[in-house]
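# Observations on the three-dimensional arrangement
The primary structure of each chain is shown beneath.
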Amino acid sequence: MEEEEKRIEQASGGLGKEIPLSVGERKALLRSLRDAEGMIRHDKGRETVVVFDREGVGFFAKRQQGQVVNMEQEVRQNKARFEGATLTHNHPGGTSFSPSDIDMACWARLAEMRIVSTNYDYSFSKHDGNMSEEWWKTEITPYVDAARQSARLLLAEVGVNEESEDFPFLYVHEAYRHLARITDFVYTKIDRRKRGDTL
């Protein structure tokens, strides 16, 4: 697990310091998925994670300064509660899922993981049940190289080269879209600007 922690830290620019939530903030975040996402959508410079069980009852909320909330200890202590849950969190930069997001969702056996930001909402899940490390390894990983190649080709066709500022953002999104077309990986991206509901 040390190697995984180093990888997460490198990818995120470091784990941030936990920011305690007040009793009022915690109650408001745990009230409903929609309320939680509305509260965390525009957070800049900090990431907030909120988790809801199968019945839609919020049971976990944590906020950290920086880009990654470390919740490994809490999941280890209560793995059965996290299994089948929906985890939502914000990405201050508006990006799609990171490798550490995928790892956490599969390791914790979540039903769905969501990201909200000012302009985009993302969701991923498994078509028929909870995600797992075994599912990702056997059903998805064999197609990752093809998805990456497809994303590169598509972006080249539309004139987005690898030096472009937008390339990393678009590349990850297109690779996930390709995986969703050829596997039971369910991936969605909603452009909130097109729906007219950015604040």
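Whatever comes next refers back to the structure up there.
Because the structure is predicted, anything quoted here is derived from the model rather than measured. (Residues numbered from 1 in each chain as written. Predicted model: local features only at pLDDT ≥ 70, side-chain atom pairs only at ≥ 80, totals over all residues. Heavy atoms only, no water.)

### Here's the deal with helix 8 (residues 144–157)
A rise of 1.5 Å per residue sets the reference length of helix 8, with its 14 residues, at 20 Å; its end C-alpha atoms lie 20 Å apart and thus fit the reference within 8%. Regarding helix 8, the residues found buried are V144, A147, A151 and L155. Buried positions in helix 8, seen along its axis, are confined to an arc of 65 degrees and lie on one side of it. Facing away from the buried side of helix 8 by more than 90 degrees, the exposed set consists of D145, A156 and E157. If you follow the buried residues of helix 8, they end up packed against helix 7 (133–140) and helix 9 (167–182). Phi for G159, located one or two positions after helix 8, is positive at around 85 degrees. (Helix = DSSP H or I, 4+ residues; strand = E, 2+ residues; numbered from the N terminus. Expected span 1.5 Å × (residues − 1). Buried < 20%, exposed > 50% of the residue type's maximum accessible area, 1.4 Å probe, protein only. Arc of directions from axis to C-beta. Contact = heavy atoms within 4.5 Å.)

### Observations regarding the packing of helix 6 (residues 99–107) against helix 7
Between helix 6 and helix 7, whose axes approach to 7 Å, the crossing angle comes to 120 degrees. Relative to helix 7, the element helix 6 is oriented oblique. Across from I102, C106 and W107 in helix 6, the residues of helix 7 making contact are E133, W135 and W136. Across the contact of helix 6 with helix 7, the residue classes break down as 5 nonpolar, no polar and 1 charged. (Axes fitted to C-alpha atoms, helices over the stretch in contact; angles between N-to-C directions. Parallel < 35°, antiparallel > 145°, perpendicular 65-115°, else oblique. Nonpolar A, V, L, I, M, F, W, Y, C, P; charged D, E, K, R; others polar.)

### Examining the packing of aromatic side chains
Two numbers describe a pair of aromatic rings. These are the distance of the centres and the angle of the planes. Under the criterion given, the structure shown has 16 aromatic pairs. Aromatic side chains Y120 and F169 sit 5.5 Å apart centroid to centroid with 50 degrees between the ring planes, which places their arrangement in the tilted category. Here the residue Y120 occupies a position in strand 5 (residues 120–126), and F169 occupies one in helix 9, the gap between them amounting to 49 residues. Taking relative accessible area as the criterion, Y120 reaches 13% and is therefore assigned buried. With a centroid separation of 5.5 Å and an interplanar angle of 75 degrees, the aromatic rings of W136 and F185 are classed as edge-to-face. (Phe/Tyr/Trp six-rings, centres within 6.5 Å; stacked < 30°, edge-to-face > 60°.)

### Remarks on the pattern of salt bridges
Scanning all chains against the criterion turns up 16 salt bridges. A salt bridge links R109 to E83, with the shortest nitrogen-to-oxygen separation between them at 3.5 Å. A residue pair is termed long-range when its members are at least 10 positions apart, and R109 in the loop between helix 6 and strand 4 (112–116) and E83 in the loop between helix 5 (79–82) and strand 3 (86–90) qualify at 26 residues. For E83, a relative accessible area of 28% gives the class partly exposed. Between R152 and E162 there is a salt bridge, with the nearest N and O atoms lying 3.1 Å from each other. Of this pair, R152 sits in helix 8 while E162 sits in the loop between helix 8 and helix 9; the two residues are 10 residues apart in sequence, bridging distant segments of the chain. What makes R152 partly exposed here is its relative accessible area of 32%. Taken together, the salt bridges that share partners define one network made up of E37, E112 and R114. (Salt bridge = Lys/Arg side-chain N within 4 Å of Asp/Glu carboxyl O.)

### What to know about helix 7
Taken together, the buried positions of helix 7 are W135, W136 and I140. When helix 7 is viewed along its axis, its buried side chains cluster within an angular range of 95 degrees and face the same direction. Summarising the contacts, the buried residues of helix 7 are in contact with helix 6, strand 5, helix 8, helix 9 and strand 6 (185–191).

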